[in-house]
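Architecture at a glance
Now for the letters of each chain:
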Amino acid sequence: MERWLALELASTIRHDGQGGVVDDLATIEGTSRWIHAQAELLAGDISPDDLTADEPLRLGIIELRRAVRALFARTVSPAPPSPADAHRLMPADQAIAHLNAAAARELVAPQLNWPTDGTPTARLLSVENNAQVRLVAALARAAIDFLSGPQRTHLRSCTAPRCVRYFVKSHGRQEWCKPSCGNRARAARHYKRHHHESAGDSLS
């Protein structure tokens, strides 16, 4: 299953499975765990082992997440955004400015690698020594790539009860981010339909 770093960042706010919402970035320890879980997606930009999470980094990632989730809400409009933060979204122009500024903090240059018996490849070479700046910039670039790429048109907000996730629609009939959300949504529809029918019978 394909993963996108921008979507992983947005999904650090998620349903806890018990009717509430949990924030994976609520603590420095949680932030560090999340960064290490993204090691594969961050490969080529930074190794999580190169940095130590602290409170300024945690807050910097959270602020970037606010910008990303605001732009995700703009993307799915006029459909409703995630209910987790729909009432306190960062204005879209502010979110764009923040995203661009975070990406611009790291100076990078494309470097060509072309083995004599292989295919040419390119990578970005950074001149930034601060690992925390490189991490936030990499997250910002990932969000810019996502929002300017073809997957943006398939971004959806899960409408299952209590879910707060965004997801990329992988087939034409997909309505929810995962099967458990689909089961919960169908159960809620069945209950609502049955409840209305029972109420109608009691009035007749």
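This text goes with the structure placed above it.
What you see is a predicted model; the values in this text were computed from it and never measured.

**Re the overall build of the protein chain**
Helix and strand counts for the protein chain come out as seven helices and six strands. Here the protein chain, with 204 residues, has 37% of them falling under the buried criterion. As presented, the protein chain carries roughly 12000 Å² of accessible surface, and 54% of it is formed by carbon and sulfur atoms.

**Quick word on the pattern of salt bridges**
One pass over the full model with this rule turns up eight salt bridges. Of the charged contacts, one joins R14 and D24 as a salt bridge, the two residues approaching to 2.9 Å between their closest N and O atoms. Of this pair, R14 sits in strand 1 (residues 13-15) while D24 sits in the loop between strand 2 (21-23) and helix 2 (28-37), and the two are ten residues apart along the sequence. When its relative accessible area of 29% is taken as the criterion, R14 is described as partly exposed. E63 serves as the salt-bridge partner of R66, at 3.2 Å between the closest nitrogen and oxygen. With a gap of three residues between them, R66 and E63 both fall in helix 4 (residues 55-76), about one helical turn apart.

**Quick notes on the nonpolar core**
Counting residues in hydrophobic clusters, the biggest one holds 42 residues, and the most contacted among them are I61, F72 and L135. For this core, the element with the most residues is helix 4, which contributes eleven residues. Ignoring sequence-local partners within four residues, the contact set of L135 consists of I35, L42, I46, L51, L57 and I61.

**Some thoughts on the environment of F167**
Along the chain, the position of F167 falls in strand 6 (residues 166-168). F167 gets classed as buried once you look at its relative accessible area, which sits at 5%. In this structure, the C-alpha to C-alpha distance between F167 and S11, residues 156 residues apart in sequence, is 8.8 Å. Contact partners of F167, with chain neighbours within four places excluded, come to L7, H154, L155, R156, S157, C158, Q174, E175, W176 and C177.

Calculation criteria
Residues numbered from 1 in each chain as written. Predicted model: local features only at pLDDT ≥ 70, side-chain atom pairs only at ≥ 80, totals over all residues. Heavy atoms only, no water. Helix = DSSP H or I, 4+ residues; strand = E, 2+ residues; numbered from the N terminus. Buried < 20%, exposed > 50% of the residue type's maximum accessible area, 1.4 Å probe, protein only. Areas by Shrake-Rupley, 256 points an atom, 1.4 Å probe, with all protein chains shown as cover. Salt bridge = Lys/Arg side-chain N within 4 Å of Asp/Glu carboxyl O. Core = buried A, V, L, I, M, F, W, Y, C linked by side-chain atoms within 4.5 Å. Contact = heavy atoms within 4.5 Å.

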